[in-house]
Each structure stands twice: as C-alpha cells, then as structure tokens.
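# What the coordinates show
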There are 2 protein chains.
Amino acid sequence: MTVELETGTRIRTRKAILDAAVRVLAQEPGASLGQIADAADVGRTTLHRYFPDRADLLAAVTQEAGHRLGEAAVRARLDEGPGLDALLRACQTCLTLGDLLTLLFTETISLEACGDEDGFSRALDDAIARGLADGTLDPRLSPAWLQGTLWSSLYLAWSELREGTTPPHDVVGQLLLTVRKALSA
Amino acid sequence: MTVELETGTRIRTRKAILDAAVRVLAQEPGASLGQIADAADVGRTTLHRYFPDRADLLAAVTQEAGHRLGEAAVRARLDEGPGLDALLRACQTCLTLGDLLTLLFTETISLEACGDEDGFSRALDDAIARGLADGTLDPRLSPAWLQGTLWSSLYLAWSELREGTTPPHDVVGQLLLTVRKALSA
DNA sequence: CCTCTATGGAACATCAATGTTCCACTGGAG
DNA sequence: CTCCAGTGGAACATTGATGTTCCATAGAGG
C-alpha cells in the first residue's frame, strides 16, 4: 500500500469504470460486473483492481452521486429567492445529473448512504419550507408530496431525454411548465 | 396433461404465489424464487410445481397485470366525458392496482408483453387525444409527456400509500389535485 | 375411515456471477 | 532504449440461485 499517488492513467481508468457503471446500472440495476467492465472497455480483472468488491463499486458511485448533488445544490442557489423559483432552478440543474438521477430515483443507490454531508436533501427541504411560507408553493400539498413530485418529474424528464425522441429543449420546457403548474399556489 | 380442472386448493395456492410474487418483486426486482416462496408461505418445490420457470412466473404476473389493467380501463370509463376527467378517473382506478403499479412503472414486467389485447394503453391514448381536442388538457404538453406525468404521479402516490405514513384519503387528494393542476389547460 | 391430492423438504446437478491468482504484454515516462 | 506501471486474459475456487427428482405426510373430501 503506497501512498495513493494517482497517476493520470489511473484517474482516467477509474473514471471510465465509474461512468460505465452509472450508465449500465441505470439501464439494468442487476447488471453483472462483466457487463460493466465491457461497457468501460476494460478487463474484468482491471475492474476488480480498482473496486475489489461489488459493494466498493456501488459505494464509489454513491459517493460520486453525493459530490454531484452537492455541486448541483450550489449551482441551483437553492437558498436564494422564492421557494418555487428555487425548485425550478433545481430541476434544470439536476437534469444534468443524467443517469445518476435514475440510480437515485430507483434506489439502486441511496441518498442516505452519502451521509447528509452533501446537504442537498436538507437544502431542498429548506427551499420547500420557504416556498410554503412565502406563498409560492401550494399549501394543500405536503412537503413530502412536493418533493416527491419534483423527483418523479425529474425522472420522467430524464427518461424522455435519454430516449432521445424529444428534443432536449422541449423536454426541459415541458418539465418546468409541468412542475410550475403542479406545485405553484 | 389432464384437462385443467383447477380445484379450489390449487386456485388458492396459485393466487397466493402470484400475490407474493407481486409484493416481493415490487420491493426487490431481483428477488430469488426462494424469497417469493417464503413470502407465499409455500415450499420452493411447490412454487416450481406451479411455475416451472422464473420466466413462467413472470409471464403469469404480466398476464395478471393485463387483466387488472383491462378491468381498470372499463371501471374508469376512459371513453366517456372530457379527456381530463377521464384521466383523473383513471388515476383513482389504477391506484387500486397496488404493487402491480410498481412492477409496471419500473418495467420489471412490461406492458407490451401483455399484448395490446388489454386495450388499456390504447384507451389512455384515446382519452389524451380527446382531452387535447376538447380543450381540457394543456396543448403545450405532448401526449407522451401527459401520459408519462400520469404514470409517474401514480407511482409516487402508490409509494406514499405503501409507506403508510400519509392517510390514504390525503394521498388520493394530493394526487388528483396535482395531476389536475399539471395537466389541465 | 380411507384415498388421493397437494404439499414440504432433502438431495442433487447445473450454471452464472464473483473474487482471486498468475503471467504475459504493451506503451509511455525517464 | 529500458523499465515498469498498468493492463488483459486464462484458470481456478466459491457461492448462491435455479431447476429437478424422490419420498414422506398431512388433510380435504368421499
């Protein structure tokens, strides 16, 4: 065990495996490590070299999701402006998470496992509470339902995007329109 | 192969296995046959006696889903009244599908495999087209998006119901409210 | 009470996925 | 050019799921 001096090659390979894992698992949560290795254009041996265990790989994907979610929360400025607007910004930002969205929504990986260090869930809760307080969110809907609607709409939008039959711009438009109509007071 | 004279016992056992399969697979799509047999309070041997193959079991569940969807379509009177109202009736009716909803939404079983004999998808498409024509559905949203929103909202509602933390009446209320707001013109 | 249906469990063969070890090779850094 | 870090593949042991066979028995229904 030398100190982890990550060379460029290792970083690149690791990223390729991680990306492939996200891509493949989003489509087939029970996919074998062999399938993931193939998708990453890497030998199964190499995959095991980087992630000895299936659990290790999943943990790494989960951690990656945590990071990305954290970035998303910052970019969306969830703590600024009216609650509804914050949620709409969150929609646009989170769409960039791509297949990670699928893994989170289908609970192939779990938000809780990231720890609450990311603070995304917290920030989302806050934005929802703010929106209910400032009158931009429909008070007849519970915080849990509001958040659930947000996630499921996001998942739907990403599904459409991935299918590729609808132009990205249209998908975003319909997503924002639907969420605004559904959640606004 | 005698003529399939299904005795009461056999019908009951078969149903128990099928129900358990739906329940277990909804929670864990990759569940083993042993888990399903346990959930059905039945030996694994017995399960294989009814469904020799895992594929056979899945096919039976799929067929069951087809029947239930067909019934739902009839009960919801999808071909009557304004399009939006038909969709709202469909929401209420489909909620009774329970875990089957999860299996369909997560594509553990596929609608297509039922054949189009059920006619549910067709009826839904028609209702959406009618709603766009009669001005009760938002013309800015594509038929695919309208249908997707319906399904994902249903899935969300069933998730809440299953969790059991929200009273059923409230869940239905929020579901109908959300769908109406999101989809109406 | 008797019979036959339906069942559960033990035992077994098979198979795919997993995780490990070892070795040969390749291409880029020095 | 020379090393060696990084890689791929073959081979192997292990494990869990699967599907099958066989047998003993419980219990519903006559």
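Conventions adopted
- Residues numbered from 1 in each chain as written.
- Chains lettered and ligands numbered in written order.
- Predicted model: local features only at pLDDT ≥ 70, side-chain atom pairs only at ≥ 80, totals over all residues.
- Heavy atoms only, no water.
- Near = heavy atom within 4 Å.
- Polar contact = N/O pair within 3.5 Å; in protein donor to acceptor, adjacent residues only side chain to side chain.
- Helix = DSSP H or I, 4+ residues; strand = E, 2+ residues; numbered from the N terminus.
- Salt bridge = Lys/Arg side-chain N within 4 Å of Asp/Glu carboxyl O.
- Axes fitted to C-alpha atoms, helices over the stretch in contact; angles between N-to-C directions.
- Parallel < 35°, antiparallel > 145°, perpendicular 65-115°, else oblique.
- Left-handed = near helix turned anticlockwise from the far one by under 90°.
- Contact = heavy atoms within 4.5 Å.
- Nonpolar A, V, L, I, M, F, W, Y, C, P; charged D, E, K, R; others polar.

## Examining the protein's contact with DNA strand D
- Taken together, the neighbourhood of DNA strand D is formed by 19 residues, with Thr 13, Thr 45, Thr 46 and Tyr 50 of chain A together with Leu 33 of chain B sitting nearest.
- When the atoms of DNA strand D within 4 Å of the protein are grouped by moiety, sugar and phosphate amount to 53% of the total.
- At 3.5 Å, a backbone N or O of Asp 41 of chain A approaches a phosphate oxygen of DNA strand D.
- With respect to DNA strand D, the side chain of Thr 46 of chain A contributes an N or O atom lying 2.3 Å from a phosphate oxygen.
- Looking at the surface near DNA strand D, the elements that each hand over two or more residues are helix H1 (8-27) and helix H3 (44-50) of chain A together with helix H3 (44-50) of chain B.

## Description of the pattern of salt bridges
- Under the counting rule described, the total for this entry stands at twelve salt bridges over all chains.
- The shortest N-O distance in the salt bridge between Glu 80 of chain A and Arg 77 of chain A comes to 3.1 Å.
- Through salt bridges that share partners, Asp 138 and Arg 140 of chain A together with Lys 181 of chain B make up one connected network.

## What to know about the packing of helix H9 (residues 168-183) of chain A against helix H9 (residues 168-183) of chain B
- For the pair H9 of chain A and H9 of chain B, interaxial distance at closest approach is 7 Å and the crossing angle is 130°. With respect to their mutual orientation, H9 of chain A and H9 of chain B come out oblique. As H9 of chain A runs across H9 of chain B, the sense of the crossing is right-handed. Only Thr 178, Lys 181, Ala 182 and Leu 183 of chain B of H9 of chain B make contact with H9 of chain A, whose side of the interface consists of Thr 178, Lys 181, Ala 182 and Leu 183 of chain A.
- Looking at the contact of H9 of chain A with H9 of chain B residue by residue, the class counts come to four nonpolar, two polar and two charged.

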